[in-house]
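Here is how the chains run, residue by residue.
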Amino acid sequence: MTAHPRPKDRAGEPGYRDAVAEHLLRHRGLAAGAASVVLATAGTSTAVGELAAALLRPGDTVAIEDPGYLRAVGAFQAAGMTVLPVPVDAHGLCVDRIPPGVRAVYCTPAHQFPMGARMPAGRRVELVEFARSTGTLVIEDDYDGELRYDTAPLPLLAAMAPDVVVHLGTTSKIIAPTLGVGWLVARPDITEAVLAHRARIGSSPSPAGQLVLAEFARNGDLARHLRRLRRVVPPRRALLVGELADRGLPVLGDDAGSHVVVELPDAAAEAAAVDAARSRGVLLDGLARHHLATPHKFGVALGYTALTSTELARAVPIAADCLAAHVTGRS
């Protein structure tokens, strides 16, 4: 005989949910109270799939940034949704390009993935007004919103409009992807629908990672860890940006997160730069693969947090040289 989880367990461990609520209030300005509920998740992709299964019907259309997070695309498609691409610009998702009739919009307003833009206040208001006027649900993925180095982050969409926004977060960027935990914050009828879906299929988020994070937060180690990240990551970014600037290569994106973007003129230049770096032992993440529709932005996203300082010091000049050669046409 196997014991089935108690209904309350499907929402997550109480200590974990309390820790997440305190973290969101202290570090992201989101108060999870009477108007919203925190649920534990197994990560962003899982949460997207749960929302689709709980709230939408097969064949419904959802809109997603292009280029964007293709694991979210896969989660929607696996749930039977039709996914439509929406262009992004220097301010993130282009609200005026959202197709009519979509049931949900998935976006990364704090730090657009992969292009790095921060959605300004005016466009956030535009998105919220669009959602309210059309009855569209906005799914806000705050995958690395804690990692800002230049200025305080703008308020979360979920803090501005808890009536139409579902907030998703994860520990994958601030701690490690292997911990396998995240959170979903939404109004009570949405969280109840997600819990009902979990009950129907007999699923519950694993408590192991939740208990680790709850203990991490209880001792104050999570707050100390975030303060340390904000001290040690900016010099890494400065090293990368400096090497690129020395070769005349500007970067895209805010002073935030764990990666920067260097644009290249076309698909051939992107492929050549990626191949050249690989031949010298450095893996570059090309932008073309992050498109749902026909690729229209080319270049690479360069991460600077996963490597050791020694590895970063070795890899950065190689990456910069390969990019410079293919921007200018030199070989």
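The preceding data block contains the structure.
Numbers given for residues are sequential positions, taken from 1 along each chain in its written order. Reporting in this predicted model follows two pLDDT cut-offs: at least 70 for local features of residues, and 80 or more for side-chain atom pairs to be given and counted; totals over whole chains, interfaces and linings ignore these cut-offs and use all residues. Side-chain measures were taken over the full set of non-hydrogen atoms in the model, leaving aside hydrogen atoms and water.

Enquirer: Outline the nonpolar core, listing residues and values.
Expert: Take the buried Ala, Val, Leu, Ile, Met, Phe, Trp, Tyr and Cys residues and link them wherever side-chain atoms come within 4.5 Å; each set so joined is a nonpolar core. Accessible area is worked out with a 1.4 Å probe on protein chains only. A residue is then buried under 20% of its type maximum, exposed over 50%, and partly exposed in between. Counting 32 residues, the largest nonpolar core has Tyr16, Leu93, Ile98 and Leu127 as its most contacted members. Sorting the residues of this core by element identifies helix H1 (14-28), strand E1 (37-41), strand E5 (104-107), helix H4 (121-134), helix H5 (157-160), strand E8 (182-186) and helix H7 (207-218) as the ones contributing at least two each. Contact partners of Ile98, with chain neighbours within four places excluded, come to Ala63, Val86, Leu93, Val105, Leu127 and Phe130. Core analysis: the second largest hydrophobic core is formed by 29 residues, Leu226, Val233, Val300 and Ile318 among them. Runs of H or I in DSSP of at least four residues are treated as helices and runs of E of at least two as strands, each being numbered from the N terminus. Every residue pair with non-hydrogen atoms within 4.5 Å of one another is taken to be in contact.

Enquirer: Before we move on, could you go through the pairing of E1 and cite the residues and values that matter?
Expert: Of all 5 residues making up E1, 4 are buried, and the element is well covered by its neighbours. Inspection of the sheet shows E1 paired to E8 by 5 bridges, in the antiparallel sense. Bridge assignment links Leu39 to a residue of E8, and that residue is Leu184. Two strands form a pair only when DSSP identifies at least two bridges running between them.

Enquirer: How would you sum up helix H8 (residues 221-246)? Please name residues and give values.
Expert: For H8, built from 26 residues, the straight-helix expectation of 38 Å at 1.5 Å per residue is met to within 8% by its first-to-last C-alpha distance of 38 Å. Gly248 occupies a position one or two residues after H8 and carries a positive phi of about 75°. Between the first and last residue of a helix there are one fewer steps than residues, each counted as 1.5 Å, and that sum is the expected span.

Enquirer: If you had to explain the sheet that holds strand E11 (residues 299-303) to someone new, which residues and values would you point to?
Expert: Spatially, 3 strands are ordered E9-E11-E10 in an open sheet, and the strand pairing comes out antiparallel. Each edge of the open sheet is held by one strand with a lone partner, namely strand E9 (259-263) and strand E10 (285-286). Two strands pair when backbone bridges link them, and E10 and E11 are joined in this way by 2 bridges, in the antiparallel orientation. Paired with Gly286 across the strands is Val300, a residue of E11.

Enquirer: I'd like a description of the packing of H1 against H7, backed by residues and values.
Expert: As a packed pair, H1 and H7 sit with axes 8 Å apart at the nearest point and diverge in direction by 50°. With respect to H7, the element H1 is oriented oblique. Relative to H7, the crossing made by H1 is left-handed. Within the contact between the two elements, H1 uses Gly15, Tyr16, Ala19 and Val20 and H7 uses Gln210, Leu213, Ala214 and Ala217. The classification used treats Ala, Val, Leu, Ile, Met, Phe, Trp, Tyr, Cys and Pro as nonpolar, Asp, Glu, Lys and Arg as charged, and all other residues, Gly among them, as polar. In terms of residue class, the contact of H1 with H7 is made up of 6 nonpolar, 2 polar and no charged. Angles run from 0 to 180 degrees between N-to-C directions of axes, and those axes are lines fitted to C-alpha atoms, restricted for helices to the stretch in contact. Geometric relationships in this document are graded by angle, where less than 35 degrees denotes roughly parallel, more than 145 denotes roughly antiparallel, 65 to 115 denotes roughly perpendicular, and other angles denote oblique. Rotating anticlockwise by less than a right angle from the far helix to the near helix defines a left-handed crossing, while the corresponding clockwise rotation defines a right-handed one.

Enquirer: Mind laying out the environment of Cys322, listing which residues take part and the relevant values?
Expert: Within the secondary structure, Cys322 sits in helix H10 (residues 309-328). Residue classification places Cys322 among the buried residues on the basis of a relative accessible area of 5%. Linking Cys322 and Ala276, residues 46 residues apart in sequence, is a C-alpha distance of 6.2 Å. Setting aside residues up to four positions removed in sequence, Cys322 forms contacts with Ala273, Ala276, Ala277 and Arg280.

Enquirer: An account of helix H6 (residues 188-201) is needed here, citing residue identities and associated values.
Expert: Helix length check: H6 (14 residues) gives 20 Å between terminal C-alpha atoms against 20 Å at 1.5 Å per residue, within 8%. Burial in H6 covers these residues: Ile190, Thr191, Ala193, Val194, Leu195, His197 and Arg198. Close packing links the buried residues of H6 with E1, helix H2 (44-55), strand E6 (137-141), strand E7 (165-170) and E8.

Enquirer: Just give me the short version of the sheet that holds E8, but keep the residues and values in it.
Expert: Strand order across the open sheet formed by 8 strands is E1-E8-E7-E6-E5-E2-E3-E4, with mixed pairing between neighbours. Looking along the sheet, the strands with just one partner apiece sit at the ends: E1 and strand E4 (92-93). Bridge count between strand E2 (residues 61-66) and strand E3 (residues 82-89): 6 bridges; the pairing is parallel. Across the sheet, the residue bridging to Val62 is Val83, located in E3. The strands touched by H2 within the sheet are E1, E5, E6, E7 and E8, with E7 carrying the most contacts at an inclination of about 155°.

Enquirer: Mind laying out the environment of Gly209, listing which residues take part and the relevant values?
Expert: On the secondary structure map, Gly209 appears in helix H7. The sequence separation of Gly209 and Ala256 amounts to 47 residues, and the corresponding C-alpha distance is 26 Å.

Enquirer: So what's going on with the pattern of salt bridges? Residues and values would help.
Expert: One side-chain nitrogen of Lys or Arg within 4 Å of one carboxyl oxygen of Asp or Glu is enough to make a salt bridge. Per the counting criterion, the structure on display carries 13 salt bridges. A salt bridge links Asp142 to Arg28; its shortest N-O distance comes to 2.8 Å. Here the residue Asp142 occupies a position in the loop between E6 and H5, and Arg28 occupies one in helix H1, the gap between them amounting to 114 residues. In this structure, Asp285 and Arg289 form a salt bridge, with 2.7 Å as the shortest nitrogen-oxygen distance. One network of salt bridges, with partners in common, ties together Glu243, Arg247 and Asp321.

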